[in-house]
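One letter stands for each residue in the lines below.
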Amino acid sequence: MRSKRRVIGIIIAVVFVFLMSAFLLSNNLIEAKGTKDKQFTSIQVQKGDTLWKIAKKYMGNEYSSVDDYIEEVCQTNHIYDGKITEDMYLVIPYYK
């Protein structure tokens, strides 16, 4: 009798673990559908453009601050002094 209870208890535990795993996996898939993919585009710097203005136009909520976005733009484009000039081309990240 005890061994039957033990086997039933083990089966119930295995089924419970399996169902919980399936539930957690389905939640992760639902969250993944809501995520955006990072994309890149190329822009030509226009007269009057600043890194701040470009950041305001292209950055999304995925960045914690404008400074973080500008830092990524500078690293991506090998800008070491933080300066951009008219007619310069930049690779700009954005999320879609």
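The protein is annotated in an unreviewed UniProt entry as Cell division suppressor protein YneA of Anaerostipes hadrus.

Caption draft 1: Representation of the overall build of the protein in the model. Across its full length, the protein carries three helices and two strands. The order of helices and strands in the protein, counted from the N terminus, is α-β-α-α-β. Taken across its 96 residues, the protein has 19% of its residues classed as buried. Looking at the protein alone, contacts between residues at least 24 apart form 64% of all its contacts between residues at least 6 apart.

Caption draft 2: Here's a closer look at the side chain of Glu-72. Tracing the sequence through the fold places Glu-72 in helix H3 (residues 66-76). The contacts of Glu-72, once residues within four sequence positions are left out, are Lys-38, Phe-40, Tyr-63 and Pro-93.

Caption draft 3: Region of interest: the nonpolar core. If you look at the biggest cluster of nonpolar residues, it comprises 15 residues, and the most contacted ones within it are Leu-51, Ile-54, Tyr-69, Ile-70, Ile-84, Leu-90 and Ile-92. Contributing elements (two or more residues each) for this core: helix H2 (51-58), H3 and strand S2 (89-95). Ignoring anything within four residues of it in the chain, the contact list for Ile-54 reads Ile-43, Asp-49, Tyr-69, Ile-84, Leu-90 and Ile-92.

Caption draft 4: Inspection of the environment of Asp-49 at higher detail. For Asp-49, the location among the structural elements is in the loop between strand S1 (38-44) and H2. A sequence separation of 37 residues divides Asp-49 from Glu-86, and the C-alpha atoms of the two residues are 7.6 Å apart. Beyond its immediate sequence surroundings of up to four residues, Asp-49 is in contact with Gln-44, Ile-54 and Ile-84. At a separation of 2.8 Å, a polar atom in the side chain of Asp-49 contacts the main-chain amide nitrogen of Gln-46.

Caption draft 5: How the structure looks around the packing of aromatic side chains. If you walk through the whole model with that rule in mind, you get two aromatic pairs. Relative to Tyr-95, the ring of Tyr-63 lies with its centre 6.0 Å away and its plane at 65°, an arrangement referred to as edge-to-face. One end of the pair, Tyr-63, is in the loop between H2 and H3; the other, Tyr-95, is in strand S2, and 32 residues separate them in sequence. In this structure Tyr-95 comes out as partly exposed when scored by relative accessible area, which is 27%. Members of the aromatic cluster, joined through ring pairs, are Tyr-63, Tyr-69 and Tyr-95.

Caption draft 6: How the structure looks around H3. Looking at H3, one finds that the buried residues are Val-66, Tyr-69, Ile-70, Glu-72, Val-73 and Cys-74. Looking at the buried side of H3, the elements it contacts are S1, H2 and S2. Positive phi shows up at His-78, right after H3, with a value of about 55°.

Caption draft 7: Geometry of the side chain of Asn-77. Along the chain, the position of Asn-77 falls in the loop between H3 and S2. With residues near it in sequence (within four places) discarded, Asn-77 still touches Tyr-89, Leu-90 and Val-91.

Cut-offs used in this document
- Residues numbered from 1 in each chain as written.
- Predicted model: local features only at pLDDT ≥ 70, side-chain atom pairs only at ≥ 80, totals over all residues.
- Heavy atoms only, no water.
- Helix = DSSP H or I, 4+ residues; strand = E, 2+ residues; numbered from the N terminus.
- Buried < 20%, exposed > 50% of the residue type's maximum accessible area, 1.4 Å probe, protein only.
- Contact = heavy atoms within 4.5 Å.
- Core = buried A, V, L, I, M, F, W, Y, C linked by side-chain atoms within 4.5 Å.
- Polar contact = N/O pair within 3.5 Å; in protein donor to acceptor, adjacent residues only side chain to side chain.
- Phe/Tyr/Trp six-rings, centres within 6.5 Å; stacked < 30°, edge-to-face > 60°.

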